[in-house]
Amino acid sequence: MRRYQYRLLMLSLAAALGVALLGAGWAIEAQAARRDVELAGRDAEIAGLAAQVDELSSRALLPAGMGAQYIGNFRCTSYCTERYPHICGTGDGITASGAPVTAGLTIAVDPEIIPLGSVVYVQDVGVRVAQDIGGAVQGYCIDVAVEGSHEDALRWPGYGWHDVWLLGGDTSCAG
């Protein structure tokens, strides 16, 4: 009888060990599958960004010899160019770089992210020049100078997140 109990105990232990190993194997496979899905998502995102840069070139937005380096997804807001002191600025019409603020050209940036004087392409907005800074413009944020009144700036349809590329002859060192 003892021999039977011993064999039964050993068989039970072997079965428990087998189930534990099988469960661990399934957990490892599930973790690997999740990682593969994450990597596939990142690959798709990179491919999409590369396609957008190719689209810039194919739409002739980039002159021959000009490169584009993707620098990130930025929160875009707008400010007006009205010439009186208010929340949009001092009202003197001069940017932090010394250039006149120009609707449709000037953007305010965090110079730690985009240096003043840089030319960028903002998805669904267009080509702009980093000429200004602002107290609320920190990190991955761009404030776009727009035509019209302060109320027009508040109703600007471009509010939101946009992909941004640094444009230039050699963008390999940007970042």
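Preceding block: the structure.
This text gives an overview of the structure that appears in the document.

Rules and cut-offs
- Residues numbered from 1 in each chain as written.
- Predicted model: local features only at pLDDT ≥ 70, side-chain atom pairs only at ≥ 80, totals over all residues.
- Heavy atoms only, no water.
- Helix = DSSP H or I, 4+ residues; strand = E, 2+ residues; numbered from the N terminus.
- Contact = heavy atoms within 4.5 Å.
- Buried < 20%, exposed > 50% of the residue type's maximum accessible area, 1.4 Å probe, protein only.
- Pairing = 2+ DSSP bridges.
- Polar contact = N/O pair within 3.5 Å; in protein donor to acceptor, adjacent residues only side chain to side chain.
- Axes fitted to C-alpha atoms, helices over the stretch in contact; angles between N-to-C directions.
- Core = buried A, V, L, I, M, F, W, Y, C linked by side-chain atoms within 4.5 Å.

**Re the overall build of the chain**
Step number 1: The helix and strand inventory of the chain stands at two helices and six strands.
Step number 2: Along the chain direction, N to C, the helices and strands of the chain fall in the order α-β-β-β-β-β-α-β.
Step number 3: Contacts spanning at least 24 positions in sequence make up 71% of the contacts within the chain whose residues lie at least 6 apart.

**Some details on the pairing of strand β6 (residues 160–168)**
The two faces of a sheet get side chains in turn, since along a regular strand they alternate between them.
Step number 1: The buried fraction of β6 is high, at seven of nine residues.
Step number 2: Across nine bridges, the pairing between strand β1 (residues 67–80) and β6 is antiparallel. In the sheet register, Tyr70 faces β6, and the bridge partner there is Trp165.

**Quick word on the side chain of Ser118**
Step number 1: Considering the arrangement of structural elements, one finds Ser118 in the loop between β2 (106–108) and β3 (119–122).
Step number 2: Judged by relative accessible area, which is 12%, Ser118 ranks as buried.
Step number 3: Polar contacts involving the side chain of Ser118 include one to the main-chain carbonyl oxygen of Pro115, which spans 2.8 Å.
Step number 4: With residues up to four places along the chain from it excluded, the contact list for Ser118 reads Arg128, Val129, Ala130 and Leu166.

**Side note on the sheet that holds β3**
Step number 1: Spatially, β1-β5-β2-β4-β3-β6 is the arrangement adopted by the six strands of the closed barrel, whose pairing is mixed. Neighbouring strand axes in the sheet, compared pairwise and without regard to direction, differ in orientation by 50° on average.
Step number 2: Of the strand pairs in this sheet, β3 and strand β4 (residues 126–132) are connected by four bridges, and their pairing is antiparallel. Bridge pairing in β4 links Val120 to Arg128.

**Details of the nonpolar core**
As a rule of thumb, soluble globular proteins bury nonpolar side chains together.
Step number 1: Core analysis: the largest hydrophobic core is formed by 18 residues, its most contacted members being Ile107, Ile114, Val120, Val122, Ile142, Val144 and Val164.
Step number 2: Every element with two or more residues in this core is listed here: β1, β3, β5 (141–146) and β6.
Step number 3: Here this core takes four residues from β1, the largest share from any one element.
Step number 4: Those residues in contact with Ile142 that sit more than four places away from it in its chain are Phe74, Arg75, Cys76, Thr77, Ile107, Ala108, Val109, Ile114, Val122 and Val164.
Step number 5: Residues Ala108, Val137, Cys141 and Ala145 belong to the second largest nonpolar core, which totals six residues.

**A look at the pairing of β1**
Step number 1: Where β1 and β5 come together, six bridges link them in parallel fashion. Residue pairing for β5: Arg75 is matched across the bridge by Cys141.

**Quick word on the environment of Leu116**
Step number 1: Positionally, Leu116 belongs in the loop between β2 and β3.
Step number 2: The spacing of Leu116 and Val129 is 13 residues in sequence and 8.0 Å in space, taken between C-alpha atoms.
Step number 3: If sequence neighbours within four positions are ignored, Leu116 has contacts with Ser97, Val109, Ala130, Gln131, Asp132 and Ile133.

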